[in-house]
Amino acid sequence: MIRTLFSPVTFVVHTALQIANLALWGGLIILFGVVKLILPSGKVTEAWNSVMHACLFSFGRVSVLLIRLFNNVNIECSVHGELSKDRWYLIIANHLSYLDIVLLIEFATHRIPAPKFFLKKELIWLPFVGLGAWALDMPFMHRYTKAYLEKYPEKKGKDLETTRASCEKFRTVPTTVINFVEGTRFTTQKHHQKRSPYKTLLPPKAGGVSFTLAAMGELFTNVLDISLLYPDNKRHPMMAMLSGTMTKIIIDVNVMPVPALQQHSTLSEPEFRTTFQDWLNAMWKNKDSRIKRLLES
């Protein structure tokens, strides 16, 4: 009751501190990224990247510390399987809020390698986030539309080649790649508009994750199926968190083998897409059932 009464004040103070936290660590990462441009490649660059990843982890940890400070929140984290800092992971997660990103970064700390996001090239201009992602070597995708490829057929496959080239540096250093396969944040309105067959999820899109697997699939050691839930604040979790009324967060992690679905010569591209979408749909159906059990319990 008291937290709800003071939620407007909490929102102002908490939001200011979260922005300051982002500006501090984002600014340091960008500065270190500029310095990295003049460093010799090899062991020196790898060591410098470790410093930048430490800044990324610090951002996540401080952000979650602020969440705990301003919210009487219980964060339940369950991991089904073994994790290691020396492996390559593909995270496939549901998407409910911008808060998801902060929680995934904090979850990775001391558990798995620093997370990378495959980002749209337009996001490079987002304050702190875009240039920070560039400094951390996160791949920026330039996906050509079907209409563009019809006009310029010679460009077909160039986007994948560019992404593969940017992923080459991940071959020697364990890496985590995060993919939100729903393509957008879940809302009740979107759930109805898309006529989702799942009770708690939007339909998954195979394009982004198949693009990731095609670019660097042979590197991945495991797939991490992560379910993020805010049971008591389903409608506006970010607002609830900033206002101090967040009460519970669930992070459920299922360690899975990498699907043996990389495209090969016996499958045409449409056949490969269909096969991969079937695998993703089956995974999403199991995920939906698991989320329902978690919410009921």
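Further up the page is the structure itself.
Figured I'd write up the structure that's included with this text. (Residues numbered from 1 in each chain as written. Predicted model: local features only at pLDDT ≥ 70, side-chain atom pairs only at ≥ 80, totals over all residues. Heavy atoms only, no water.)

1. What about the packing of aromatic side chains?
Part 1 of the reasoning: Within this structure, the stated rule accounts for 2 aromatic pairs.
Part 2 of the reasoning: Between Phe-32 and Trp-48, the aromatic rings sit 5.4 Å apart at their centres with planes inclined by 70°, giving edge-to-face as the arrangement. Residue Phe-32 is located in helix α2 (residues 7-36), and its partner Trp-48 is located in helix α3 (residues 43-70); the two are separated by 16 residues in the primary sequence.
Part 3 of the reasoning: Note on Phe-32: relative accessible area 19%, which makes it buried.
Part 4 of the reasoning: Ring geometry for Phe-276 and Trp-279: centres 5.5 Å apart, planes at 40°, overall tilted. Highlighted residues: Phe-276 and Trp-279, both in helix α11 (residues 269-296), separated by 3 residues, approximately one helical turn. (Phe/Tyr/Trp six-rings, centres within 6.5 Å; stacked < 30°, edge-to-face > 60°. Helix = DSSP H or I, 4+ residues; strand = E, 2+ residues; numbered from the N terminus. Buried < 20%, exposed > 50% of the residue type's maximum accessible area, 1.4 Å probe, protein only.)

2. As for helix α4 (residues 99-108)
Part 1 of the reasoning: Among the 10 residues in α4, 8 count as buried, and that is most of the element.
Part 2 of the reasoning: Those residues of α4 that sit buried are Leu-99, Asp-100, Val-102, Leu-103, Leu-104, Ile-105, Phe-107 and Ala-108.
Part 3 of the reasoning: Phi turns positive, to about 65°, at His-110, one or two residues after α4.

3. Overview of the nonpolar core
Part 1 of the reasoning: Counting residues in hydrophobic clusters, the biggest one holds 46 residues, and the most contacted among them are Leu-99, Leu-224, Ile-226, Ile-249 and Ile-251.
Part 2 of the reasoning: Setting aside residues up to four positions removed in sequence, Leu-224 forms contacts with Leu-83, Tyr-89, Leu-90, Ile-91, Ile-92, Ile-112, Val-253, Asn-254 and Val-255.
Part 3 of the reasoning: With 24 residues, the next largest nonpolar core counts Leu-90, Ile-250, Phe-276 and Leu-280 among its residues. (Core = buried A, V, L, I, M, F, W, Y, C linked by side-chain atoms within 4.5 Å. Contact = heavy atoms within 4.5 Å.)

4. A few points about the sheet that holds strand β3 (residues 115-117)
Part 1 of the reasoning: Strand order in the open sheet formed by 6 strands is β1-β8-β7-β2-β6-β3, with mixed pairing between adjacent strands. The open sheet has two edge strands, β1 (74-80) and β3, and neither has a second partner. Strand-to-strand twist of the sheet, defined as the mean angle between neighbouring strand axes without regard to direction, takes the value 25°.
Part 2 of the reasoning: Sheet analysis places strand β7 (residues 222-229) next to strand β8 (residues 248-256), joined by 7 bridges and oriented antiparallel. Bridging across to β8, Ile-226 finds its partner in Val-253. (Pairing = 2+ DSSP bridges. Axes fitted to C-alpha atoms, helices over the stretch in contact; angles between N-to-C directions.)

5. A short note on the side chain of Thr-45
Part 1 of the reasoning: Here Thr-45 lies in helix α3.
Part 2 of the reasoning: Leaving out residues up to four positions away in the same chain, Thr-45 has contacts with Lys-36, Leu-39 and Pro-40.

6. So, unusual backbone geometry
Part 1 of the reasoning: The residue His-110 is not glycine, and still its phi comes out positive at about 65°.
Part 2 of the reasoning: By the element assignment, His-110 lies in the loop between α4 and β3.
Part 3 of the reasoning: Despite not being glycine, Arg-195 has its phi angle at roughly 50°, a positive value.
Part 4 of the reasoning: For Arg-195, the location among the structural elements is in the loop between α8 (188-193) and α9 (206-216).

7. So, a nonpolar patch on the surface
Part 1 of the reasoning: A cluster of nonpolar side chains, namely Phe-6, Val-9, Val-12, Val-13 and Leu-17, defines an oily patch on the protein surface of about 440 Å² accessible area.
Part 2 of the reasoning: Tracing the backbone through its elements, the reader meets Val-9 in helix α2. (Patch = residues over 30% accessible without salt bridge, like charges linked within 9 Å, V, L, I, M, F, W, Y side chains within 5 Å. Areas by Shrake-Rupley, 256 points an atom, 1.4 Å probe, with all protein chains shown as cover. Salt bridge = Lys/Arg side-chain N within 4 Å of Asp/Glu carboxyl O.)

8. Notes on the environment of Leu-83
Part 1 of the reasoning: Take Leu-83: it is sitting in the loop between β1 and β2 (89-93).
Part 2 of the reasoning: For Leu-83 and Ala-108, which are 25 residues apart along the polypeptide, the C-alpha to C-alpha distance reads 9.8 Å.

9. Observations regarding the pattern of salt bridges
Part 1 of the reasoning: This model, assessed by the stated rule, comprises 5 salt bridges.
Part 2 of the reasoning: With a shortest N-O distance of 3.0 Å, Asp-137 and Lys-36 are connected by a salt bridge. Separated by 101 residues along the polypeptide, Asp-137 in the loop between α5 (129-135) and β5 (140-141) and Lys-36 in helix α2 bring together distant segments of the chain. Exposure class is identical for Asp-137 and Lys-36. Each is buried.
Part 3 of the reasoning: Linked through salt bridges whose partners overlap, the residues forming this network are Asp-225, Asp-252, Lys-287 and Arg-290.

Functional significance is not addressed by these values, which are geometric in nature.
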